[in-house]
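Here's the letter readout for the chains.
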Amino acid sequence: MNHIYNNMQEINIIKIPEEFGLLVTCPVAEKNYHIQHETAHCLLKHSLQHYAKQNHIIIPEKINLIYQEYGKPSLQDYPDIKFNLSHCDSLAVCLISYYECGVDVEAKRLIRANIVKKIFTTEEQNLLAHSENPDWLFTKIWTLKESYVKAIGRGIGFPMQKVSFLLQEENIICNQKQAKFYQVLLEKYVISICILDK
């Protein structure tokens, strides 16, 4: 557990629009999935303490999680505070918000034709076909879709072709009007954030 503690020394608060909440990252030194998962949950505890100070509320060190039908976790004792976690090989992220939310992080990925065919809309496939950097665009759209299905609490079992994106410079246009999106690009990483209107 020392490596997880050491990672907590490198927490970064990422500047995002206030309406989206608090976004916090920390490195993950291990490629082991369970260690990535544990790091993300430790990051949640640190992030909640920071969020509590910002908002002048008290949240105890020990938090109780409950899980919705499809496995999305929430805070049993603080139902108005929403959060979501994500991790990849070397980065963990935590988003805390007053809105139902989802976050996904990925390092830049090579296009996977089977995923494109299965979950990208015709319009999104056309965007990829004409992109100067299709791998980067693939990662951006993939993480947006992931952030949405995590925000609605359905996960990857949701038919992702039902949610489509058009990216125009910094504008993210989605056919799901109850959702708002924001992306952070950090070196080789894409972090996508989704919040849902109450």
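Below, the structure is looked at part by part. Within each chain, residue numbers correspond to sequence positions counted from 1 in written order. Per-residue local features of the predicted model are confined to residues with pLDDT of at least 70, and side-chain atom pairs are confined, for both listing and counting, to 80 or more; whole-chain, interface and lining totals are unaffected and use all residues. As a convention, hydrogens and water are excluded, and side-chain values are obtained from all of the structure's heavy atoms.

Our next topic: the pairing of strand E7 (residues 101–107). Residues in a regular strand project their side chains so that they alternate between the two faces of the sheet. Within E7, six of the seven residues are buried, leaving the element largely enclosed by the surrounding structure. A pair of strands is labelled paired if DSSP reports no fewer than 2 bridges between them. Note on conventions: DSSP H or I runs of at least 4 residues are helices, E runs of at least 2 residues are strands, and numbering of each starts at the N terminus. Bridge count for E7 against strand E11 (residues 189–196) is seven bridges, and the pairing is antiparallel. Paired with Glu 106 across the bridge in E11 is Val 190. In this scheme, a residue with accessible area under 20% of its type's maximum is buried, one over 50% is exposed, and one in between is partly exposed, where area comes from a 1.4 Å probe on protein chains only.

A word on helix H5 (residues 134–151). To estimate how far a helix should reach, multiply one less than its number of residues by 1.5 Å. Counted at 1.5 Å a residue, the expected span for H5 with its 18 residues is 26 Å, and the 26 Å between its end C-alpha atoms agrees. One or two steps after H5, the chain reaches Gly 153, where phi turns positive at roughly 80 degrees.

Read across the open sheet, the three strands follow the order E7-E11-E10; overall the sheet is antiparallel. At either end of the open sheet lies a strand with only one pairing partner, and these are E7 and strand E10 (179–186). Strand-to-strand twist of the sheet, defined as the mean angle between neighbouring strand axes without regard to direction, takes the value 15 degrees. The pairing of E10 with E11 spans eight bridges and is antiparallel. The residue of E11 that forms the bridge with Lys 180 is Ile 195. The axes are straight lines fitted to the C-alpha atoms, using for helices just the contacting stretch, and the angles between their N-to-C directions are given from 0 to 180°.

Let's shift gears to the side chain of Thr 143. Looking at the element boundaries, Thr 143 is found in helix H5. Taking relative accessible area as the criterion, Thr 143 reaches 0% and is therefore assigned buried.

Counting through the fold element by element, Thr 139 comes out in helix H5. Pairing of N or O atoms within 3.5 Å defines a polar contact, subject to two protein rules: one partner must be a possible hydrogen donor and the other a possible acceptor, and residues neighboring in sequence count only if both atoms are side-chain atoms. One polar contact links the side chain of Thr 139 to the main-chain amide nitrogen of Arg 109, over a distance of 2.8 Å.

The salt bridge definition used is simple: a Lys or Arg side-chain nitrogen within 4 Å of an Asp or Glu carboxyl oxygen. For the structure on display, the rule yields five salt bridges. We note a salt bridge from Lys 180 to Glu 19, for which the minimum N-O separation is 3.2 Å. One end of the pair, Lys 180, is in strand E10; the other, Glu 19, is in the loop between strand E1 (12–14) and strand E2 (22–27), with 161 residues separating them in the sequence. When its relative accessible area of 35% is taken as the criterion, Lys 180 is described as partly exposed. A relative accessible area of 40% means that Glu 19 is categorised as partly exposed. By sharing partners, the salt bridges in this structure join Lys 72, Lys 82 and Glu 100 into a single network.

With that settled, the discussion passes to the environment of Ser 97. Mapping Ser 97 onto the fold places it in strand E6 (residues 91–97). Each C-alpha atom, one on Ser 97 and one on Phe 83, is 6.1 Å from the other, the two residues being 14 residues apart in sequence. Pairs of residues are marked as contacts when any of their non-hydrogen atoms sit within 4.5 Å. Discounting chain neighbours no more than four positions away, the residues touching Ser 97 are Glu 19, Phe 20, Gly 21, Tyr 51, Asp 80, Ile 81, Lys 82 and Ile 195. At a separation of 2.9 Å, a polar atom in the side chain of Ser 97 contacts the main-chain amide nitrogen of Tyr 99.

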